[in-house]
Amino acid sequence: MKACAEHGIRLAPACVGMNSTEYKGRPACIYDGWCHIGCPTGALSNPIVTYLGEARRAGAEVRARSTVTRVLMNKEGTKAIGVEYYDAARQRHVQPASVVVLAAWSAQNPRLLLNSATPKHPKGLANASGLVGKYMMCHFASGTWALFDEDVQNHLGTTGAQFMSYDRYPKTSHKGAFGSTFIVAGSALKTSDLGGFANARLDLFGPDLHAFMKRAARGLTRLNAFGEELPNVENRVELATEKDEFGMPLGRIVHGYDEDAAAVWNANFEEGLKIAKATGAKEVWSGRGAMPTIHLMGGTIMGTRASSSVVNSYGQTHEIANLWIAGPGIFPTAGASNPTYTIFALSLRGAEQLAAKWSSIV
């Protein structure tokens, strides 16, 4: 925190979706650092321990290991009437529905819409604008490692981070680079987990790697800076010639970063090294590699006009009133923050709107 403050960055406790006290029968977090495996105590909020149980009690049915291949439309092309899917035994089924909500992530939702083309919707469902699959966006990360001789108890805490900062969120925070940066520090580290340290030194092998891992198990930490990718219509999901096991075209992701993204990525590495050196760590280095793609967003973007977007701000497609989309695919921009809370907020907002307008939609 002192090293960040020396470079004009204020750290604050990071926002995390976990209990600070017992809530609805789930215990308070014990900060054991196992968030990424589903949380062994149940303190971490995720749909499995929150919404799913309530949904089942309300009558929802989960059909595990099923694969939806198409959204089905009425003959007039005005209304979704259900979905086609294959079960775990690869048997085809048709599930009728009054409303269809696609919540299959940013890459799969466009693929389903494109694969559901009909004579009335020759370019795919909800795609009169031609924007289904377009404006795919990612985050990228500039990770800086710092190794201490002291035991910093890096295995404890939360996987997301202990601290965060928005002091580099303004678009022009770095000279010669345009785009927001979201900074996190103090993530709980395990050997080979999400963001773990097994690959922190790709140049080491054998006894040297073993010696490093012993030191890293107690003394390694990381400063991570997530960067914003600006929307680009050329970054997209399109149908491939190859098909899946059910005979449906696979999706192909076409993506490349522009100069702004690369400039933000490099600027965050440079600043990360300065901060790490100011901590007095024994060793510091940049976790450089290929520029990563993290947190896929876009592909079914929201907007106020059908000509320039796929859904409205609730996730309802402009063209088909009873076809809705949930998830990060409806983001029209990416920002730099992790998208989870925004996904939850937009999904809940859309669900409330769908329930309130149900009689006029079905």
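Residues numbered from 1 in each chain as written. Predicted model: local features only at pLDDT ≥ 70, side-chain atom pairs only at ≥ 80, totals over all residues. Heavy atoms only, no water.

*Asks:* How do you make sense of the nonpolar core when you look at a structure like this?
*Replies:* Grouped burial of nonpolar side chains is what soluble globular proteins tend to show. Residues V71, V100, L102, L113, L125, L323 and I330 are the most contacted members of the largest nonpolar core, which totals 25 residues. When residues of this core are traced back to their parent elements, those giving at least two are β2 (67–73), β3 (80–86), β5 (100–102), α3 (105–115) and β14 (323–325). Top contributing element to this core by residue count: α3, with three residues. What L102 contacts, discounting residues up to four positions off in sequence, is V71, N109, L112, L113, L323, W324, I325 and A326. The next biggest cluster of nonpolar side chains, apart from the first, holds 11 residues, and it includes L147, M213, L220 and W285. (Core = buried A, V, L, I, M, F, W, Y, C linked by side-chain atoms within 4.5 Å. Buried < 20%, exposed > 50% of the residue type's maximum accessible area, 1.4 Å probe, protein only. Helix = DSSP H or I, 4+ residues; strand = E, 2+ residues; numbered from the N terminus. Contact = heavy atoms within 4.5 Å.)

*Asks:* Is there a simple way to think about the pattern of salt bridges in this case?
*Replies:* Oppositely charged side chains can form a pair if their charged atoms are brought close together. Within the structure shown, the criterion is met by 17 salt bridges. Among the salt bridges present, the one from E245 reaches R90, with a minimum N-O distance of 2.8 Å. With a gap of 155 residues between them, E245 in the loop between β10 (236–243) and β11 (249–254) and R90 in the loop between β3 and β4 (92–96) connect regions that are remote in the sequence. Look at R90 and you get exposed, because its relative accessible area is 56%. We note a salt bridge from R215 to E283, for which the minimum N-O separation is 2.9 Å. One end of the pair, R215, is in helix α4 (residues 206–219); the other, E283, is in strand β12 (residues 283–286), and 68 residues separate them in sequence. (Salt bridge = Lys/Arg side-chain N within 4 Å of Asp/Glu carboxyl O.)

*Asks:* Whenever I open this one, unusual backbone geometry confuses me. Can you help?
*Replies:* For residues other than glycine, phi is negative in most cases, and the peptide bonds are mostly trans. With phi around 50°, K24 is a residue other than glycine that occupies positive phi space. By the secondary structure assignment, K24 is in the loop between β1 (12–13) and α2 (51–57). Residue Y31 is not a glycine yet carries a positive backbone phi of 55°. Looking at the element boundaries, Y31 is found in the loop between β1 and α2. Owing to a relative accessible area of 40%, Y31 belongs among the partly exposed residues under this scheme.

*Asks:* It is not clear to me how the packing of aromatic side chains should be interpreted in this structure. Could you clarify?
*Replies:* Aromatic rings in a pair are described by how distant their centres are and how their planes are angled relative to each other. One pass over the full model with this rule turns up seven aromatic pairs. Ring centres of F140 and Y257 lie 5.4 Å apart, and the angle between their planes is 80°; on these two criteria the pair is classed as edge-to-face. Taken together, the positions of F140 in strand β6 (residues 137–147) and Y257 in the loop between β11 and α5 (259–278) put the pair 117 residues apart, joining distant regions of the chain. For F140, a relative accessible area of 0% translates into the label buried. Between F212 and W285, the aromatic rings sit 6.0 Å apart at their centres with planes inclined by 65°, giving edge-to-face as the arrangement. With F212 in helix α4 and W285 in strand β12, this pair connects stretches of sequence that are 73 residues apart. Residue F212 is classed as buried on the basis of its relative accessible area of 5%. (Phe/Tyr/Trp six-rings, centres within 6.5 Å; stacked < 30°, edge-to-face > 60°.)

*Asks:* What exactly am I supposed to notice about α3 here?
*Replies:* In an α-helix, one turn spans 3.6 residues, which is why side chains three or four residues apart end up on the same side. Most of α3 is tucked away, with nine of its 11 residues classed as buried. Listing the buried residues of α3 in full gives S106, A107, N109, P110, R111, L112, L113, L114 and N115. Tucked into the core, α3 has its buried residues touching β2, β5, β10, β11, β13 (294–297) and β14.

*Asks:* Teacher, can you tell me more about the pairing of strand β9 (residues 220–228) here?
*Replies:* Regular strands place their side chains on alternate faces of the sheet. Burial within β9 is extensive, with eight of its nine residues counted as buried. In terms of strand pairing, β6 meets β9 through nine bridges, oriented antiparallel. From the neighbouring strand, L147 faces β9, where its bridge partner is L220. As paired strands, strand β8 (residues 181–185) and β9 are joined by five bridges and run antiparallel to one another. In the sheet register, T181 faces β9, and the bridge partner there is G227. (Pairing = 2+ DSSP bridges.)

*Asks:* How should the sheet that holds β3 be read in this particular structure?
*Replies:* Two orientations exist for strands paired in a sheet by backbone hydrogen bonds: parallel and antiparallel. What the three strands build is an open sheet, ordered β2-β3-β4; its pairing is antiparallel. The sheet is open, and its two edges are formed by β2 and β4, each paired on a single side. Going from strand to strand, the sheet's axes swing by 25° on average, the running direction of each strand aside. Strand direction decides the pairing type here: β3 and β4, joined by five bridges, are antiparallel. From the neighbouring strand, E84 faces β4, where its bridge partner is V94. (Axes fitted to C-alpha atoms, helices over the stretch in contact; angles between N-to-C directions.)

*Asks:* Would you mind showing me how to read the side chain of E271 here?
*Replies:* Topologically, E271 is positioned in helix α5. When neighbours within four sequence positions are excluded, E271 is seen to be in contact with H7, I9, R168 and H174.

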